[in-house]
Amino acid sequence: MTSQHGPHRTPLRDHGDDGMLLTLLKRIIPGRRVLMLAAAVACALAPAPAAAHTRVEMTAPADGDTAHGTVREVRLRFSRGVEGALTTLSLSRGGNHIASGGTGVPQTNGREYVLALPRPLDPGAYEVQWKTVGADGHVLKG
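Here we summarise the structure given alongside this text. Every residue gets a number counted from 1 within its own chain, in the order that chain's sequence is written. Totals for whole chains, interfaces and linings use all residues, but because this is a predicted model, local features are given only for residues with pLDDT of at least 70 and pairs of side-chain atoms are given and counted only at 80 or more. The basis for the side-chain values is all heavy atoms of the structure; hydrogens and waters are excluded.

Details of the sheet that holds strand S7 (residues 103-104)
Then, number 1: The four strands lie next to each other as S3-S4-S8-S7, forming an open sheet whose pairing is antiparallel. The open sheet has two free edges, formed respectively by strand S3 (56-60) and S7, since each of these has just one partner strand.
Then, number 2: In short, DSSP must find at least two bridges between two strands for them to pair. What counts as a helix is a DSSP run of H or I of at least four residues, what counts as a strand is a run of E of at least two, and both are numbered from the N terminus. Note: S3 against strand S4 (residues 73-78), four bridges, orientation antiparallel. By the bridge assignment for S4, Val56 is matched with Phe78.

Focus: unusual backbone geometry
Then, number 1: Pro61 follows Ala60 through a cis peptide bond whose omega is -5°.
Then, number 2: Mapped onto the elements, Pro61 comes out in the loop between S3 and S4.
Then, number 3: Residues other than glycine seldom take positive phi values, yet Gln107 does so here, at roughly 65°.
Then, number 4: Looking at the element boundaries, Gln107 is found in the loop between S7 and strand S8 (112-116).
Then, number 5: Relative accessibility thresholds used throughout: buried, under 20% of the residue-type maximum; exposed, over 50%; partly exposed, between the two (1.4 Å probe, protein chains only). Note on Gln107: relative accessible area 84%, which makes it exposed.
Then, number 6: Backbone geometry places Asn109, a non-glycine residue, at a positive phi of 55°.
Then, number 7: In this structure, Asn109 sits in the loop between S7 and S8.

Re the side chain of Thr132
Then, number 1: Structurally, Thr132 can be placed in strand S9 (residues 127-133).
Then, number 2: For the purposes of these results, a polar contact is taken to be a pair of N or O atoms within 3.5 Å, where, inside protein, one atom must be able to donate a hydrogen and its partner to accept one; residues adjacent in sequence count only when each atom of the pair is a side-chain atom. Side-chain polar atoms of Thr132 contact the side chain of Thr87, separated by 2.6 Å.
Then, number 3: Sequence-distant contacts of Thr132, defined by excluding residues within four places in its chain, comprise Phe78, Val82, Glu83, Leu86, Thr87, His138, Val139 and Leu140. Any pair of residues with heavy atoms lying within 4.5 Å of one another is described as a contacting pair.

Looking at the sheet that holds strand S10 (residues 139-141)
Then, number 1: Pairing is antiparallel across the open sheet formed by four strands, whose spatial order is S6-S5-S9-S10. Each edge of the sheet is formed by a strand with only one pairing partner; in this case those strands are strand S6 (96-101) and S10. Within the sheet, the average angular offset between the axes of one strand and its neighbour, ignoring direction, is 15°.
Then, number 2: By the bridge criterion, five bridges tie strand S5 (residues 88-93) to S9 in an arrangement that is antiparallel. Among the inter-strand pairings, Ser90 is bridged to a residue of S9, identified as Gln129. For every element, the axis is a line fit to its C-alpha atoms; helices are fit only across the contacting stretch, and the angle between N-to-C directions ranges from 0 to 180 degrees.

Next up, the structure:
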């Protein structure tokens, strides 16, 4: 039945939360019901986005720090555990490679890594570069 305002529609009756939803679903065209159900299932099964990406929380020596005393290692701590087998730290000075590698620090759940240096560092400016893969599969470097 139609009127000047379009097809006649029966008002929704409130049968509680479930009843109203069921009444609403019955009114939706059958093909659209399947699409809505598929969309609802996809939303329910989609992984929740990570609260934040993995980042460096701490370095020792700290970025821009002037070390007073002998530096025998470089440490990095991430905000989340990373893939140890895919984590490397590299130390260089003036473009010259000094050391690379990195070992996970026990009992840090893959969050902290140390690069032991082959000898104490001479005074000067050094650069540490790192590369890893976060738990979410993203390649991270800095």
